[in-house]
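So the chains spell out like this:
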Amino acid sequence: MRAAAFDSGVGGLSVVKSLAAHKLFDEIIYYGDTARAPYGAKDQNTIKRYSLEALEFLSGFEPDALIVACNTASAYALDELRSQAGFPVVGVIESGVLALENGGVGRGDRVLVIGTQATIGSGCYQNLLKARGFENVTALAAPLLVPLVEEGIFDGAIVDETFKRYFGDLGDFDAVIMGCTHYPLMQPALGAWFKGAKLVHSGEAIVEYLKANNLVSDGANDTQIQFFASENATRLKEVASKWLDMPSLIKDKP
Ligand code: DGL
């Protein structure tokens, strides 16, 4: 099976890493819209338009499924993508909430959702969590984490200072949903800050979802991955090789 995946930039690599580690697909075509990141500060019409353009580009590869490796696009563009794609389209928000449920987090436990301004502003996570009975939910936009990750800064003084600014007054949580696919790249730093909390990762969550819905290759071998970027494919390549630690073929979007 060939899966296509996209994000605004390098963040979706956290999802690709999980898909490849679990050998769910024979092939993955990844597109990072690096020229127009971040998506999280854009309005919903722009996010939909960019997502549909990513679909148009990726459709050329005739994928069997599209993985929306971006929470922001999943929050706003899933319906449009589904109505226009001739193949299944899977987002990361529903699977993130399912992972929380399946991960032994209680309905009364303290849950923090962090994401982009657009994702948190959409209320998608909050509504879904409420519908599933989670009563103690705090949602917070942490947009500065995205440019840090795009710069390859995953820990250290700037990250600590940013965490202090966003999370300093929030108290403790039992679970933290990393509701932006950029955030798992700084998972060690987030784990050190939110000690003892279960961290929910969009990539690991979607693996469970795809398996449960039978949207995976039977007995796939190592996944062949092709990367495309709307700009500066070299930086995407650097992060991919550091982060994925696997042979990859990087190309600029034609
Ligand atoms: N990685 C993305 C997400 O999951 C988007 C970050 C951004 O471009 O603002 O929301």
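Higher on the page you've got the structure.
Every chain is numbered independently, its residues counted from 1 as its sequence is written. Only residues with pLDDT of 70 or above have their local features reported here, since the model is predicted, and side-chain atom pairs are shown and tallied only from 80 upward, although totals for entire chains, interfaces and linings are computed over all residues. Only hydrogens and water are set aside; all other atoms, that is, all heavy atoms of the structure, feed into the side-chain values.

Draft legend 1. Structural detail: the overall build of the protein chain. Strands are runs of DSSP state E lasting at least 2 residues, helices are runs of H or I lasting at least 4, and numbering of each runs from the N terminus. Along the backbone of the protein chain there are 11 helices and 10 strands. As defined in this context, the radius of gyration uses C-alpha atoms, and a globule is described by 2.2 Å times the residue total to the power 0.38. For 254 residues, the compact-globule estimate of 2.2 N^0.38 gives 18 Å, and the protein chain sits close to it at 17 Å. Taken over the C-alpha atoms alone, the protein chain extends approximately 45 × 35 × 35 Å along its principal axes. Contacts are assigned to residue pairs that have any heavy atoms within 4.5 Å of one another. For the protein chain, the share of sequence-separated contacts (at least 6 apart) that also reach a separation of at least 24 residues comes to 75%. By the counting scheme adopted, Arg and Lys are positive, Glu and Asp are negative, and His together with the chain ends is not counted. Where a charge lies is defined by one atom per residue type, namely NZ (Lys), CZ (Arg), CG (Asp) and CD (Glu). Each charge class in the protein chain was averaged separately, 22 positive and 31 negative side chains, and the resulting centres sit 2 Å apart.

Draft legend 2. Structural context of helix α10 (residues 202–212). The buried label goes to any residue with under 20% of its type's maximum accessible area, the exposed label to any with over 50%, and the partly exposed label to all in between, with areas taken from a 1.4 Å probe on protein chains only. Taken together, the buried positions of α10 are occupied by Ser202, Gly203, Ala205, Ile206, Val207, Tyr209 and Leu210. The positive-phi residue at the C-terminal boundary of α10 is asparagine 214, with phi of around 55°.

Draft legend 3. Representation of helix α4 (residues 93–102) in the model. Taken together, the buried positions of α4 are Ile93, Ser95, Gly96, Val97 and Leu100. Positive phi appears at glycine 104, one or two residues downstream of α4, with a value of about 80°.

Draft legend 4. View of the side chain of glutamate 150. Within the secondary structure layout, glutamate 150 lies in helix α7 (residues 145–150). One side-chain nitrogen of Lys or Arg within 4 Å of one carboxyl oxygen of Asp or Glu is enough to make a salt bridge. Although glutamate 150 is buried, it makes no salt bridge; arginine 235 carries the closest opposite charge, 4.2 Å away. In contact with glutamate 150, other than residues within four places in its own chain, are Gly9, Val10, Gly11, His182 and Arg235.

Draft legend 5. Quick look at the nonpolar core. In terms of nonpolar packing, the biggest core is built from 56 residues, with Leu13, Leu19, Leu190 and Leu210 touching the most fellow members. Per-element tally for this core: the top contributor is helix α11 (residues 233–244), with 6 residues. With near-sequence residues (within four places) excluded, leucine 190 lies in contact with Ile114, Phe163, Phe167, Met178, Tyr183 and Leu199. The nonpolar core is taken to be a set of buried Ala, Val, Leu, Ile, Met, Phe, Trp, Tyr and Cys residues, with the residues joined through side-chain atoms within 4.5 Å. Ranked by size, the runner-up nonpolar core spans 21 residues in total, among them Leu58, Cys70, Phe87 and Val89.

Draft legend 6. Spatial organisation of the pattern of salt bridges. For the structure on display, the rule yields 11 salt bridges. One salt bridge in this structure joins glutamate 27 and arginine 2, with 3.2 Å as the shortest N-O distance. On the criterion of sequence distance, the pair formed by glutamate 27 in strand β2 (residues 27–32) and arginine 2 in strand β1 (residues 2–7) is long-range, its members being 25 residues apart. Between aspartate 222 and lysine 23 there is a salt bridge whose closest N-O contact spans 3.3 Å. Taken as a pair, aspartate 222 in the loop between α10 and β9 (224–229) and lysine 23 in the loop between α1 (13–21) and β2 lie far apart in primary sequence, 199 residues in all. Residues joined by salt bridges that share partners form a network here, namely Asp33, Arg36, Arg49 and Glu53.

Draft legend 7. Expanded view of the packing of aromatic side chains. Aromatic rings from Phe, Tyr and Trp, taking only the six-membered ring of Trp, are treated as a pair when their centres fall within 6.5 Å; an angle between ring planes under 30 degrees marks them as stacked, one over 60 as edge-to-face, and anything in between as tilted. Taken as a whole, this structure holds 12 aromatic pairs when the rule is applied. Arranged with centres 5.5 Å apart and planes meeting at 80°, the rings of phenylalanine 57 and phenylalanine 61 form a pair that is edge-to-face. On the basis of relative accessibility, which here comes to 15%, the residue phenylalanine 57 falls in the buried class. Geometrically, the ring pair formed by tyrosine 166 and phenylalanine 167 is tilted, given 6.2 Å between the ring centres and 45° between the ring planes. Ring pairing ties together the aromatic residues Phe163, Tyr166, Phe167, Phe173, Trp193 and Phe194, which thus form one cluster. The rule for a charge over a ring is simple: NZ of Lys or CZ of Arg within 6 Å of the ring centre, and within 35 degrees of the ring normal. The side chain of arginine 107 reaches across the aromatic face of phenylalanine 134, ending 4.6 Å from its centre.

Draft legend 8. Layout of the sheet that holds strand β6 (residues 137–141). Spatial ordering of the open sheet is given by β6-β5-β7-β8, a layout of 4 strands whose pairing is parallel. Here the strands that pair on one side only, and so sit at the sheet edges, are β6 and β8 (198–201). Strand-to-strand, the axes of this sheet are offset by a mean angle of 20°, without reference to chain direction. One bridge is not enough; two strands pair if DSSP finds at least two bridges between them. Under this scheme, a helix contributes an axis fitted over its contacting stretch, all axes are lines through C-alpha atoms, and angles between N-to-C directions fall in the 0 to 180 degree range.

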